[in-house]
Amino acid sequence: MRLPWFGNSRRASRQPSSNDIYHTEITADVPVPERNESVRFFSRKVTRPGKLRRFTNRDLRESLLSCFYLGVAAMLPVSWWSPICGWVSGCRRKRHFRKDFARYEIAVRAVLGDTVDTKSMFEALLAAIHRRRLTLAAHLVAGWRWSPAIRLEGLEALQQALRNGRGAIIWCDQFTAQTIMGKRALHEAGVDTHQVSAQYHGFSPSKFGLRLINPPLVKVENRFLKSRIVFERTDAYQVTTRIQKVLKANGVVLMTNTIYAGSAFTEAAMGERGWTHLASAPANFAARAGAALFHMATIETAPFREYRAIVRELSASPEAPASPAKDTTGKNLVVQAGFILSKRDQMLETLKLCPEQMMAWSSAVRLTERPTEAAIGNEGA
């Protein structure tokens, strides 16, 4: 099991650092006077592309887990699913605490303060990640036996934005339930969406994983999508063109808040004393095309039984709703910075509701102040 953004493995000393793989530089520090803070913009280029491995030890674990959870979803009642996920998550709990907990604790307390019970949160996160895997298995085999209740909030604002005719971008956070249940919530509400997705989307980045482990997840997600826009760093122009066409046709584009697949991202203060990194692409498209920009997070309120999907419109100004940007021909960093801070605010508000289900946390130090560390794998949309 991988925990995104936390901890270095025992192979870290033998792996290339992020400085070896990427060349990162600051492109702008954009002040937002009405908020009395600023947003830092970065660009990043690959200088040493990684080599795709054929098979990893994690592939064996993922394969065994997939088979196990398929059996659980097919044969056992729903009331047993959550306790089983909790039990399985405890099998490697000591290892995760040894490898990942120290950095997790620093990141969480930087955002939420020093009074939070980080140990209990970490244990709950491990269980939630296993529920994410069982959710996939349930969609594959459970059929009519499983019909969770999904409450979608904010549909009226999204429908109103689409009536304006400029399309909408939904910027999704990395909560454990978002990947499948967030898409399902929109689909069941009658919203056709187009997912922007990295090529390596799924549980494994190896060749074996791309062929056998990841396809079931992609297949289930595609049930709830109108299309999937798969991208690589080398074809950014074609992907940009496709997204622009979808927005021009008044479509809805889903983007996940991951910075590792793109060539540009931003940094802003987060919570008590933390720093969060947000992809700049959603704000960029909204600023240039005048499309409405929305925050989305999906959380479990009762595991495998009730889900809450939250959609909130983001604004480039804290005083007024977002409006089409006047500068639609180039990057408007001031408007983007406003969107970034609005997204940060909504993410923090949602995070406090269910922090144990968030997979991607912020850092306690700024990117430019971090020591060199081993590269961390991508998390596809």
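Definitions and cut-offs
- Residues numbered from 1 in each chain as written.
- Predicted model: local features only at pLDDT ≥ 70, side-chain atom pairs only at ≥ 80, totals over all residues.
- Heavy atoms only, no water.
- Axes fitted to C-alpha atoms, helices over the stretch in contact; angles between N-to-C directions.
- Helix = DSSP H or I, 4+ residues; strand = E, 2+ residues; numbered from the N terminus.
- Parallel < 35°, antiparallel > 145°, perpendicular 65-115°, else oblique.
- Left-handed = near helix turned anticlockwise from the far one by under 90°.
- Contact = heavy atoms within 4.5 Å.
- Pairing = 2+ DSSP bridges.
- Phe/Tyr/Trp six-rings, centres within 6.5 Å; stacked < 30°, edge-to-face > 60°.
- Buried < 20%, exposed > 50% of the residue type's maximum accessible area, 1.4 Å probe, protein only.
- Lys NZ or Arg CZ within 6 Å of the ring centre and 35° of its normal.

Caption draft 1: Summary view of the packing of helix α4 (residues 93-112) against helix α5 (residues 118-141). Their axes nearest at 9 Å, the elements α4 and α5 cross at an angle of 120°. One element, α4, and the other, α5, form an angle in the oblique class. Helix-helix and strand crossings are classified by hand; for α4 and α5 the assignment is right-handed. Contact with α4, carried on its side by R93, H96, F97, D100, F101, Y104, E105, V108, R109 and L112, involves T118, K119, M121, F122, E123, L125 and L126 of α5 and no other residues of that element.

Caption draft 2: Representation of the sheet that holds strand β11 (residues 306-313) within the structure. Spatially, seven strands are ordered β3-β11-β10-β4-β7-β5-β6 in an open sheet, and the strand pairing comes out mixed. Of all strands in the sheet, those bounded by a partner on one side alone are β3 (149-153) and β6 (227-231). The average undirected angle you get between the axes of adjacent strands in this sheet is 25°. The pairing of strand β4 (residues 168-172) with strand β10 (residues 292-302) spans five bridges and is classified as parallel. Its bridge partner being in β10, I170 is matched across the sheet by F294. Against the sheet, helix α6 (residues 155-163) engages β3, β4, β7 (252-256) and β10, with an angle of about 155° to β10. Where helix α7 (residues 178-188) meets the sheet, it contacts β3, β4, β5 (193-198), β7, β10 and β11, and its direction lies at approximately 110° from that of β10.

Caption draft 3: Spotlight on the packing of aromatic side chains. Overall, the coordinates contain ten aromatic pairs when judged by the stated rule. Relative to F304, the ring of W81 has its centre 5.4 Å away and its plane inclined at 90°; by these criteria the two rings are edge-to-face. On the criterion of sequence distance, the pair formed by W81 in helix α3 (residues 78-89) and F304 in the loop between β10 and β11 is long-range, its members being 223 residues apart. Take F304: its relative accessible area is 1%, and that puts it in the buried class. Ring geometry for Y104 and F122: centres 5.0 Å apart, planes at 55°, overall tilted. In this pair, Y104 sits in helix α4 while F122 sits in helix α5, placing the two residues 18 residues apart along the sequence. Given the relative accessible area of 0%, Y104 is considered buried. These aromatic residues form a ring-pair network of at least three members: F97, F101, Y104, F122 and W361. The ring centre of W146 lies 5.6 Å from the NZ or CZ of R184, which sits over that ring.

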